[in-house]
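Each chain, letter by letter, is given below.
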Amino acid sequence: MGKKTIRVSDFSGTVLQPDDEVVRVVVLEHPDLVAGPVQLEATPVEVESIDDAALDVAVVEIHDRHGDGEPRRVVLTASEFDAMATDTPMAQLLRTAERVRPPKARRGAERLDYGTIEHAGKPHRGRVTEEEARLVRERLDEVNKRLADAGIRQIDPADPEHADRYGFLTAS
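Residues numbered from 1 in each chain as written. Predicted model: local features only at pLDDT ≥ 70, side-chain atom pairs only at ≥ 80, totals over all residues. Heavy atoms only, no water.

(A) Main features of the pattern of salt bridges. Under the criterion given, the structure shown has 9 salt bridges. For Arg-7, the salt bridge is made with Glu-41, and the minimal N-O distance between the two is 2.8 Å. Here Arg-7 is found in strand 1 (residues 7-8), whereas its partner Glu-41 is found in strand 4 (residues 38-42), with 34 residues between them in sequence. Note on Glu-41: relative accessible area 25%, which makes it partly exposed. A salt bridge links Glu-130 to Arg-137; its shortest N-O distance comes to 3.0 Å. Judged by its relative accessible area of 54%, Glu-130 is exposed. (Salt bridge = Lys/Arg side-chain N within 4 Å of Asp/Glu carboxyl O. Helix = DSSP H or I, 4+ residues; strand = E, 2+ residues; numbered from the N terminus. Buried < 20%, exposed > 50% of the residue type's maximum accessible area, 1.4 Å probe, protein only.)

Here it is in structure tokens:
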């Protein structure tokens, strides 16, 4: 006895053929979303109206005494937000406002060991150790599969930068 898997559109229930183009829709925020982002699959036709239905919105955080010290995130139409600026146009306020810097990484955060197969080949600013370079050269297919699965650029021994970084021999 065998098993057959049939893929269907999450939006319409339409059966998707193996050669059909499938669009992945990641839902980041929704009032009914309770456990973080989810992904749905649909046909291109089913999602082509999403761009037309998109709203111009402003997403803001309110930092005040409410919320036990945590900011409140509010989504409102851009025109409603723009109307709050009564002295200077909102576009001008946004151009001249003080920039918010992302919080600095905590000191003592766990450092990745790029000399292990779990992390070898991941992009980083530091120096490539001989151990990392050896792992990348000897297990390139495994490293590239892991990088591709994580959505990270793969290593190409023919790329001069990658060849130099990981010690691949290049034809001169």
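Still more to cover.
(B) Highlighting the nonpolar core. Core analysis: the largest hydrophobic core is formed by 13 residues, its most contacted members being Val-136, Leu-140, Val-143, Ile-155, Tyr-166 and Phe-168. When residues of this core are traced back to their parent elements, those giving at least two are helix 5 (130-138), helix 6 (140-149) and helix 7 (160-166). Val-60, Leu-76, Ala-85 and Met-90 belong to the second-largest nonpolar core, a separate cluster that totals 6 residues. (Core = buried A, V, L, I, M, F, W, Y, C linked by side-chain atoms within 4.5 Å.)

(C) Structural view of helix 5. Within the sequence span of helix 5, burial applies to Glu-132, Ala-133, Leu-135 and Val-136. Buried residues of helix 5, seen end-on, are gathered within an arc of 160° and therefore sit on one face of the element. In this structure, helix 5 carries Glu-130 and Glu-138 as exposed residues pointing more than 90 degrees from its buried face. Where helix 5 is buried, its residues touch helix 6 and helix 7. (Arc of directions from axis to C-beta. Contact = heavy atoms within 4.5 Å.)

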